Structures are given as structure tokens and as C-alpha cells.
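The lines below spell out each chain.
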Amino acid sequence: MMISNFQATLEYLGGERDDAPRLLAGRFEWAARCVVWLLAILLIYAFCGQSSKFIYIDF
Amino acid sequence: MIFNTFSYYFLFLAPAAVLFRVVSPRLRPWVIVLFGSLFFIFFAYGMAGLWGAACLLIFLWESLVSRLYRPTSRWCLVGIVQSVVLLGIFKYWNFFTGLFFLHAANPFRWQGAFLPLGISFFTFEFYHYAWDRRAGRTEAGTLGEYLAFILFFPTMVAGPIKRYQDFLPKLRQEPTEWSGDWERGITRILTGLTKKFAVADLLTAWTDHLNARDIVVADKRVLVMWLLAYGIKIYADFSGYSDIAIGSARLFGIKVPENFDWPYGRRNIQRFWQCWHISLTRWLIDYVYIPLGGSRVSTPRIYANIIAVMLISGLWHGAGLNFIVWGLWHGLLLAGHRLWRQLRGEPNTHPVAVFCSRALTFVLVNAGWAFFCMNLPTAMLFYRRLVFG
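Residues numbered from 1 in each chain as written. Chains lettered and ligands numbered in written order. Predicted model: local features only at pLDDT ≥ 70, side-chain atom pairs only at ≥ 80, totals over all residues.

### Topic: the overall build of chain B
Defined as follows: Put simply, DSSP H or I for four residues or longer makes a helix, DSSP E for two residues or longer makes a strand, and each gets a number counted from the N terminus. Throughout, the radius of gyration refers to the C-alpha atoms, and the reference size of a globule is 2.2 Å times the residue count to the power 0.38. Burial is judged by counting other C-beta atoms within 10 Å of a residue's own C-beta: 20 or more means buried, 12 or fewer means exposed, and anything between counts as partly exposed, with every C-beta placed from the backbone.
Scanning chain B from terminus to terminus reveals 17 helices and zero strands. A compact globule built from 389 residues would reach a C-alpha radius of gyration of about 21 Å, and chain B, at 22 Å, matches this within 12%. Dimensions of chain B along its principal axes, counting C-alpha atoms only, are 65 × 55 × 45 Å. The buried share of chain B, taken over its 389 residues, is 43%.

Right under this line is the structure:
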């Protein structure tokens, strides 16, 4: 149960699910979304210089 | 590159997604057709020059032939054969002709061979449409709708592999929720890019060592780490790619099929394949496994079908003996799992047994990646070094 809740939370934060899990519902929802965007943008900015081809592009 | 370039987002995705929402419903498919064609020409030219860009004609030819498809019609068979023949010529010509001249120069070698952008994926969509039209499982749609289906650029190059009967209602529906769709879509794209840049590309420093020169001198424990890194890399890379494709489609208000559902950590190899590259697994079941008789034939035939499907899956992933061995490995694992289930009945639900089966599945799947990421002699060298030192 705990693992599936955790999975659902990650899926929501990653954009896969539309409905916020109970853990994030309410006032935390927007804050969590902002943190995810910020974190993602920071990580992309930090690591984007080493970009290589997607493996499945040549298929 | 494609999804990790600015050109994709600012020349194609953003303008197409905005235009798609502001034009009249009648013009929406043609927005996708226009941008899909430009997308194909732009990136195919970058990868394979003029001939690569000219492969846009394959889409146009296929769409014209598709207008002849009717339920039970022979034209559908023509469509199926032509899609497979095209894939065979572009992807497998040098491989199969080379098999006849193993110890000599191949006189039939196509020197200027190239792979049209996304051919392995769009072939499956052509094939699916022809097959389902023949079976009467899908309506024809208009020319614009069919072209929009095959030229829908977020999924054109590497899936997820769509189905026309799922795509059509989404194309026709009014995209209403701008803010919701864009927020979810952009979040998904950011997630995909993060997986690609911060996980997959970072692991390249380890996976680049999976070559004969480095394997010979490496410590055994390091070999295991390199292979494990490849297992994580290919998951982050392809699931990241799928995230971007699905998120991009969402900007149009179109939901396309999911491709991954936490595949690592599944209890057995069958569950793994139900959660790894889901759209491919479903395609193989519907268009290869079931037509071969599926599970409604004799027991030996069932096992033969399973192995045949995975061999085809392996060959589809690449024209090389290593991919055939990779497919065979997964075929044998699936057949072994089915046999085990027949002999032992329902799986043990004790937590220790569950943990062990998850760990075993993870190890077996990762062991197979050696044949995916290295050619056959190098993969054999890898295992020789791992087992015998």
C-alpha cells in the first residue's frame, strides 16, 4: 500500500497521472509542482551539455 | 537527437500545438500533416541527406494505397506486404545478403544503405491499419485523418506505437483543457528530459566501456557494474523518450498509449514484458502471436510461438546476430516461465519468495542486455571474462 502510494505520487509529479494523490492534494499540490519544475529545469541545465543520441532513434 | 534539440520544441512542437488548437476542427488533421511532413524532412535530411528526406514519399504512397483498403480486401494484404518489404530492404538487406557470404565480400551489398527516420515504428502503424481494416476492426477515416495518424510527429520516430481506432476519437474531439493539458504535458516533457540528461547520459561514462578492448582488461566486478549501468541507462533513455513523446502529444490534447509501467522489479519475465515497451508488446501479441495461434494451439506450438515472437522482436530491434540471440534469450525465459507455472501452479506469495523472484527477474533481464548493446563476439567475450576470468 505504502509503495503504491509512493508510486502514484511519483507518477503524478512526473506528469503521468492527472489526479493528485491524497498525500499532495490541497495546498501542497501547487508547491510540489513548482518544486518538480524547478528541480527538473536545474538538472536539465546542469547536465544538458553531454547530450547524446537517444538509443531508439536509429531503430 | 530530435527530442533533445531546441529545433524540435521551437520550430515544430510549440507552433504546431498552438495552431492545432486555434484552427477549425476540419483543419486540425492538416496542421499535423503539415508539421509532421516538415519535421520528417528537417530531421531526416539532417540524418541521411536528400534520400532520407525523400522517404517522406513512403508516407504519401502508403496513404494513397490505404484508400483502397476495405474489410476482407486483398489490397490490405498488399499494404501489409509492402510495409514489410520496405522495412526488409532498408533495414535487413545487407544483413541477410551478408549471411550468404560470411567469408567473402558480399557482392549484393548496398553501399549507400541508410535507415529512413522511424521506419521500424511507422511500419508497425502501416501494418496495423491494413490488418485492422481487413478485419473490419477500424473505420477508414478521411485521407487527412489517416495522414495525421501516420505523420503525428511526437510518436513518429520511436513510438509509442499507436492504434488508429484509439487515435481517431482523440483527433476528432474538441481539445478544451488548455491549461491542464499543457501543465501535464510540459511536466511530462521535463521529466523525460531529466531522465535523459541526468540519468541516461550520465551513465554513458560507464556504458562506453562495454567494448572488447576495455572488457579484456577490466575487473570482473566492474564488468557487472557496467552491464547494470546499461540496464539503467536504456530504461532512463527510452522511458525518457516515451515521456517526451507522450507529453508532446498531450500539448495537442491527445493522449497516446503509455510505454512503461515500472518494469524493473516485476515478479516474472511475463510481467516484465507487460510493463516494458508496452505498445510493442501489445503489437507483437495482436499481430504476430495471436495470428500464429497464440495459446489456442498444442503445447509445443505455444512454446514455439513464444520463442518465434521474441526472435522477431529481437530482429526488429536490430539487424544483427546479437539481437537475434537477445530475442532468443527472452523467448527462452518466457517459455521457461510458462513451463514453471504449468509444473508449479500458482506462484508462492510468501514475501521472501516474492522478493527472490523480483530479484531473479531483474538479474536475468539485465544479463540479456549484454547481447543488446554489444555485437555477438564482444558479448561472448564479456561472458567468457565474467565466468572464467
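### Here we look at the domain arrangement of chain B
All names here are of chain B. Threshold: Marked domain ranges trace back to an automatic or database domain assignment. A residue pair is marked as a contact if its C-beta atoms, positioned from the backbone, fall within 7 Å. We call Asp, Glu, Lys and Arg charged. Ala, Val, Leu, Ile, Met, Phe, Trp, Tyr, Cys and Pro are nonpolar, and the rest, Gly among them, are polar.
Taken domain by domain, chain B comprises domain 1 (6-99 + 115-164), domain 2 (185-254) and domain 3 (257-389). One C-alpha centre belongs to domain 1, the other to domain 2, and the line joining them spans 26 Å. Facing the eight residues of domain 1 at the interface are eight residues of domain 2. For the side of domain 1 that touches domain 2, the elements supplying multiple residues, two or more each, are α1 (6-22) and α7 (153-156). Per element, the largest residue contribution to the side of domain 1 that touches domain 2 is three residues, and it comes from α1. Residue composition of the side of domain 1 that touches domain 2, by class: six nonpolar, two polar and no charged.

### Structural notes on helix α4 (residues 74-99) of chain B
All names here are of chain B. The condition is simple: For a helix, the expected span equals 1.5 Å multiplied by the residue count minus one. To get the bend at a given residue, fit one axis to the seven residues ending there, fit another to the seven starting there, and take the angle between those axes.
An ideal rise of 1.5 Å per residue puts 38 Å on 26 residues; α4 reaches only 33 Å between its terminal C-alpha atoms. Along its length, α4 shows its largest kink, about 75°, at Tyr92. Restricting attention to buried positions, one finds in α4 the residues Cys76, Gly79, Ser83, Leu87, Phe90 and Lys91. Looking at the buried positions of α4, the neighbouring elements they touch are α3 (56-66) and α5 (119-134).

### What about the nonpolar core?
All names here are of chain B. As a reminder, the rule being used: Joined through C-beta atoms within 7 Å, a set of buried Ala, Val, Leu, Ile, Met, Phe, Trp, Tyr and Cys residues constitutes a nonpolar core.
In this structure, Ala16, Ile32, Ala148, Ile150, Leu151, Tyr230 and Ala370 are the most contacted members of the largest nonpolar core, which totals 99 residues. Top contributing element to this core by residue count: helix α11 (residues 220-251), with 12 residues. Ignoring any residue separated from it by four or fewer positions in sequence, one finds Leu151 in contact with Ile32, Val33, Gly36, Ser37, Phe59 and Met156.

### Brief notes about the environment of B:Thr123
Residues and elements named next belong to chain B. Within the secondary structure, Thr123 is located in helix α5. C-alpha of Thr123 to C-alpha of Trp316: the two residues are 193 residues apart in sequence and 11 Å apart in space. Excluding residues within four positions of it along the chain, Thr123 makes contact with Ser83, Leu86 and Leu87.

### Examining the interface of chain B and chain A
Taken residue by residue, the interface counts 27 residues in chain B and 23 residues in chain A. At the level of secondary structure, the elements contributing two or more residues to the side of chain B that touches chain A comprise α9 (178-207) and α11 of chain B. Looking at which element gives the most residues to the side of chain B that touches chain A, the answer is α9(B), with 12 residues. Considering only residue class, the side of chain B that touches chain A consists of 15 nonpolar, eight polar and four charged.

### Digging into the confidence of the model for chain B
What counts, and what does not: pLDDT measures how confident the predictor is about each residue, on a scale from 0 to 100.
Taken residue by residue, chain B gives an average pLDDT of 93. The fraction at 70 or more is 100%. The ipTM assigned to the predicted complex is 0.92, against a pTM of 0.93.

### Observations concerning the environment of B:Phe371
Residues and elements named next belong to chain B. Mapped onto the fold, Phe371 is located in helix α16 (residues 351-373). With 26 C-beta atoms counted inside 10 Å, the residue Phe371 sits in the buried group. It is 8.9 Å that separates the C-alpha atoms of Phe371 and Leu321, two residues lying 50 residues apart in sequence. Each residue touching Phe371, except ones within four places of it in the same chain, is listed here: Asn322, Val325, Trp326, Trp329 and Ala379.

### Points about helix α13 (residues 278-289) of chain B
One full turn of an α-helix is made of 3.6 residues, so residues set three or four places apart face in the same direction. Every buried residue of α13(B) is listed here: B:Ile278, B:Ser279, B:Leu280, B:Trp283, B:Leu284 and B:Tyr289. Residues of α13(B) that are buried make contact with α5, α12 (269-275) and α14 (299-317) of chain B.

### Digging into unusual backbone geometry
All names here are of chain B. Cis geometry marks the peptide bond from Gly159 to Pro160; its omega dihedral reads 0°. The phi torsion at Thr72 lies on the positive side, around 65°, for a residue other than glycine. Since 9 C-beta atoms lie within 10 Å of it, Thr72 is described here as exposed. Residues other than glycine seldom take positive phi values, yet His277 does so here, at roughly 45°. Among the secondary structure elements, His277 is positioned in the loop between α12 and α13.

### Quick look at the packing of α1(B) against helix α2 (residues 28-54) of chain B
Residues and elements named next belong to chain B. Note the following rule: Fitted lines through C-alpha atoms give the axes, limited to the stretch in contact for helices. The angle between two N-to-C directions lies from 0 to 180 degrees. Should an angle fall under 35 degrees it is called roughly parallel, over 145 degrees roughly antiparallel, and 65 to 115 degrees roughly perpendicular, with every other angle called oblique.
Running from amino to carboxyl end, α1 crosses α2 at an angle of 170°, the nearest separation of the two axes being 9 Å. Regarding the angle of α1 to α2, the classification is roughly antiparallel. Residues Phe12, Ala16, Leu19 and Phe20 of α1 pack against Arg28, Val31, Ile32, Phe35, Leu38 and Phe39 of α2. Residues belonging to the contact of α1 with α2 are distributed by class as follows: nine nonpolar, no polar and one charged.

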